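Fold and contact review
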Amino acid sequence: MFGDTFETVEELLNPTITNYQTRMARNCADYMELPELPRLKHFAGLKNQGATCYLNSLIQSFYMCPEFRKVILSLPLCKETIEDSSNLAKNESRNRFLLEFQKLFIQLQSLQSKATSTEALTSSFGWNEGQQMWQQDVSDANKVLFETLDRSLYGTPYIIAPFYKGVVFHHITCLNCKNSHGNEEIMYDLNIQVEGNKNLSEGLFSYINPFLLDGNNQYFCDLCGIKVDALKGDKIRKLPPILTVTLNRYTFDYEKMQRVKLNDRFEFPLEIEMGVYLENPVDNLVYELQGVIIHRGNAHGGHYFAYFRDLLDEGDWLSHIPEYWQEKEEIQQQQKKQNADEIDYDEVKLPFEISNPKVAQGWYDFNDSSVIPIPVNKIQQQYQGSESAYILIYRDRNLVPSKLSNEEIPKYLFDYVNKLNEKIEQDRQAYEEAKQHIIISVADASVVDIQDHKLLNEKYEKGTYKLKLSTTVKQLYEQINKDEYWLLEFQENYQTKLLHFPRYLKNLESTLEEEKVGHESTWILVKKDQDIPQVGQQKVPYRLNFIINKQPQSFLLYTSTTLLELKQLVFALSGIPENEQELRNTQNQKVVSELADETQLGEMQLTLETQILVKKKNQVQTASKNQKDQNQQLGEEIISILVEQDDKVGVSKFYVNINQTIQELIEFIKEQFGLTEAHRLRNLNGKILFCKSDLSVQLKEFQDFREGGARLQIEKGEVPETGKISIVVQYKEQNFEIHVDPRQDKIEQIKLESCKSFNLDPAQHRLYKVDWLQVPSEGLTDEAKTISQCYLRDRDLIILCERTAQIDCELIRFQLYSTTTGYPDDCVFQKHETMRKDATVNDLKQMIISSFGLNVNIDQLRVRDINKNRFFGQVFRKLELPLQKIQFSTNDIVYQVLENPENLQEDEMLLLIKERDPINKVYIKPQEFVFKVSKTPTLLELKDQISKFVGIQEGTQLELAKFVIYEFQWLHIDPDVIEKQLQGKGKQGNQGNQNNKKKGQQGKNQQQQQQQQQQNPCQNLRKNPINLSEGDFIGYRLGDHPKDDFQTKEDNELRERMIAARKNKHNALGPMRRQQEQGFAVAIE
């Protein structure tokens, strides 16, 4: 249950391998898929695809409604076979949607399986891969499914919606003239607020109770002609036979600024008189509870399940409910203790009286694959808490449920489910047959080295036998036909690659099942007269590592080897008598020689990384009182440290004296790990290396040692000078370590020493910092900077590369287009291109000329940016400007070959101008125009220069407009027109002030900004609202045409389509979902 929750860090880093075991397959069925579990006597469940519990609960609510089930199962969607569609819905995707619903229902009714899958149904929804992992709101899913079913069955005599559709009238009633105005709406459910209501009756009265519109919220009555007090609310005009009630348990917490779930108590009865809540009340309109969909969790997620009543008595609830009480009693006996605060609602009487006893019978708990009978009292458990009722389903008592006869169900459905049942039965029989068989492999003894416990050839020849578990050992030997041999089992440890020989197979009269012969076990044939002492369950081989006289050695032992035998081996190797040996585990610093002599190796918690340090014990003397005091003081000076090796996995714990120096500590650690080369020590708290000046300092001078538990790393390399750090330079998988002073040493020094080490020319190479993937991410181009100025730290890796190397971080990738006219209409894609970021505009132009074989000079080639709206933007002017300093709108660049040389200056802006024909509402005479801009270009300057360029006579009225690309609209550049537009936006802001104070403050700020813009709207064309930039389209019109808005027919059509698309996107999400992620969807068109 808890998995590896309680494993320690040490256990994770150093897994114990001596008692390594794997779960052996028991029989041939272990690798087969489990067959479908048999169907219980009542109802089938639905499998959860990941997060489809909400959908399972909803589908079960549909199935448990006899009217819904009857319509779905009686649909003639196919002809003779299920593959031959009758095209009832006149649409392929709708037919598939209905058919999958129908197939699922016939499986729920007749499939001999405990639970069935909804994968085919959700596939018919048009869901993308992984969409089944998105949990949705069950209420939203309910509305979408009903709407989809309604559309799919449109035009057919088969209807479901009328059973669930009601009518609500949204009204506003004038309190002066009593006139009521409003509109009707079809409703699939009643949304009842839990907050502020104790039960369903109060919630329904709150739903139909109108609220007063008065004060600033008065209603303007058309009949009275004035603003008046009014009542606004909802009236229930018609209730559906099957009523769905959604309990709104969600609200927004403005303190936490998040959506929260209300766990308040909200009672709902088994019977309710609904006539009193109608617009025109009636008597004796009783609705009975049929189902409850429950949500367990919070506002951000959880789990759905449901309680439903068996209206047709298909599950024989009365005979099955005793099973519930019996199972509950068994669970209570196992648990023994029960939380005193927990209420057992099974024993609590319902708070409502009922007139129909059948309402309290036939209740089942549908929880994905599980379906169990429950007592009706259990419903009270869902009145409150994090697990509580979310959707209630009531039905009119006068709606009599009727069961669908087999004659009304199409024959192709029974043929379909019968085939499924046959397949399920075949799978069960095959599985049961496989459970009775095992497969073993038999090989010759020559494939293994028994003495060294090794496999000599991994691709050895072997015979394979499939046997019944009831086969005797004697029958097995008869089948193998090797009378003079015994079968010896061997198992390979995948970590150590050592073979374990646990047993012979000698009991001829026993069966394979009695001998517990494993499936896929491997055996070798050994002669009967051959004596092999390495055989036995406890003879698990283990290679133990020793450090004797600072020399590492390893020996093959067994987990059954005792400590005494181990000491005898050590004596033979070192000459140290058994009673004088100190055997220390270097990983955990435990002295294993102090254990009892009969302790076995398997009990010592040894790992693959374990090393046993062999030393001679110190002479033990009788301690005087002074010596005891000294020992006590010495104990107080002992601290623990954790040490890692830089090239190995694992952490070792040592106890050292705090009066030791760093130099002594390094030597001690080297001795413990059997290290001989030069090593240094690093404090992993801050990853700081101990320098040469630290070697003579005692440990107690360092805070980490004084506090105990210092974490250190011993690593190869020389101890650096004081104040220096270690930088690793890599060149073509070769590493060079250099110690540098971060405040004084410069990048140039690192490069020179690295190139000297690798025998390279420094002028032809460059250093790069790396990212977390150790890929070059930033060039160290300023070699005069110090190490610290480049933010390099101790042990950082930098890469040495050739200057001409294509380093990804120094490249810019773009798409290259061409145009002949300078207009976006003829923009043609040419190729993908990559260049270095330090390449200049001149290099870019040279590349284009070379790539496409253009016979032009550089000043005849115009290169410019393409903005996100696919219109042309800035022209690249400065030939010496690096590409990395250009602010690209996109990664798209367009070039144009010019007839004449071009030399645009920084104060010149290239525009496209067109003359407006106000009569025909079109533009003519398009041409390029260079606008000489000042620091704050004005409308008068633009008009003056266009007039001179085009040749407009002095005194002719000239009007200009700019095309706003993303709005498909021409902006008339006129101070009066712009001022009117800003004032219109200001009025909208004022309306917002009346409705919402927060919005009002925002409106005020916007108004202040607009007033500032109104002062000089055209005094700086670069700023809002004109935002003039290179590549803009400017339309100019001659004469006075006040009714002309500069728009063309095409512009208006595109603008209308854009606005419609925005509205559709806005409305499609719904009022409560527009700022949330995509919800439940069924795409069947």
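Residues numbered from 1 in each chain as written. Predicted model: local features only at pLDDT ≥ 70, side-chain atom pairs only at ≥ 80, totals over all residues. Heavy atoms only, no water.

Here we have five strands laid out as an open sheet, ordered β37-β36-β40-β38-β39, and mixed in their pairing. If you trace the sheet from one side to the other, it starts and ends with β37 (734-740) and β39 (776-779), each paired once. This sheet shows a mean twist of 40° between the axes of neighbouring strands, independent of strand direction. In this fold helix α15 (residues 747-758) packs onto β36 (725-731), β37, β38 (765-770) and β40 (797-802), with an angle of close to 140° to the strand it touches most, β37. (Pairing = 2+ DSSP bridges. Helix = DSSP H or I, 4+ residues; strand = E, 2+ residues; numbered from the N terminus. Axes fitted to C-alpha atoms, helices over the stretch in contact; angles between N-to-C directions. Contact = heavy atoms within 4.5 Å.)

Grouped together as the largest cluster of nonpolar side chains are 106 residues, with contacts concentrated most on F68, F105, L200, F268 and L392. Once residues within four sequence positions are removed from consideration, F68 is found in contact with F62, F105, F146, L149, I160 and Y164. (Core = buried A, V, L, I, M, F, W, Y, C linked by side-chain atoms within 4.5 Å. Buried < 20%, exposed > 50% of the residue type's maximum accessible area, 1.4 Å probe, protein only.)

On the surface, F252, Y254 and M257 cluster together to form a nonpolar patch covering roughly 380 Å² of accessible area. Tracing the backbone through its elements, the reader meets Y254 in the loop between β11 (250-253) and β12 (258-261). (Patch = residues over 30% accessible without salt bridge, like charges linked within 9 Å, V, L, I, M, F, W, Y side chains within 5 Å. Areas by Shrake-Rupley, 256 points an atom, 1.4 Å probe, with all protein chains shown as cover. Salt bridge = Lys/Arg side-chain N within 4 Å of Asp/Glu carboxyl O.)

With that settled, consider the sheet that holds strand β28 (residues 551-558). Read from one edge of the open sheet, four strands run β28-β27-β30-β29, paired in mixed fashion. Since the sheet does not close on itself, it has two edges, and those belong to β28 and β29 (581-585), each with one partner. Within this sheet the neighbouring strands show an average axis-to-axis angle of 30°, counted without direction. As judged from the five bridges shared by β29 and strand β30 (residues 611-616), these two strands associate in the antiparallel manner. From the neighbouring strand, N585 faces β30, where its bridge partner is I612. Packing against the sheet, helix α13 (residues 662-673) makes contact with β27 (541-548), β29 and β30, and its axis sits at approximately 110° to β30.

Moving on, we get to unusual backbone geometry. In this structure, P1025 follows N1024 across a cis peptide bond, with omega equal to 15°. Mapped onto the elements of the fold, P1025 is located in the loop between α19 (997-1015) and β50 (1033-1038). One non-glycine residue, N481, lies in the positive phi region at around 65°. Mapping N481 onto the fold places it in the loop between α10 (473-480) and β23 (485-492). You can call N481 exposed: its relative accessible area is 59%. Its identity is not glycine, yet Y791 carries a phi of approximately 60°, on the positive side. Among the secondary structure elements, Y791 is positioned in the loop between β39 and β40.

Moving on, we get to the packing of aromatic side chains. Under the counting rule described, the total for this entry stands at 41 aromatic pairs. Between Y63 and F105 the ring centres are 5.4 Å apart and the planes differ by 85°, which places this aromatic pair in the edge-to-face class. Note that Y63 is positioned in helix α2 (residues 53-63) and F105 in helix α4 (residues 92-110), a separation of 42 residues in sequence. Look at Y63 and you get buried, because its relative accessible area is 3%. (Phe/Tyr/Trp six-rings, centres within 6.5 Å; stacked < 30°, edge-to-face > 60°.)

Now for the confidence of the model for the protein chain. Note that predicted coordinates carrying low pLDDT should not be read in detail. For the protein chain, per-residue confidence averages 85 on the pLDDT scale, and 89% of positions sit at 70 or higher. Counted against residues more than four places away or in other chains, residues 1-22, with its pLDDT under 50, gives 33 contacts. (pLDDT = per-residue confidence, 0-100.)

The next thing to look at is the state of the cysteines. All chains considered together, the criterion is met by zero disulfides. Considering cysteine sulfurs only, C174 is the nearest to C177, which forms no disulfide, with 3.6 Å between them. The class for C177 is partly exposed, based on a relative accessible area of 31%. (Disulfide = S-S within 2.5 Å.)

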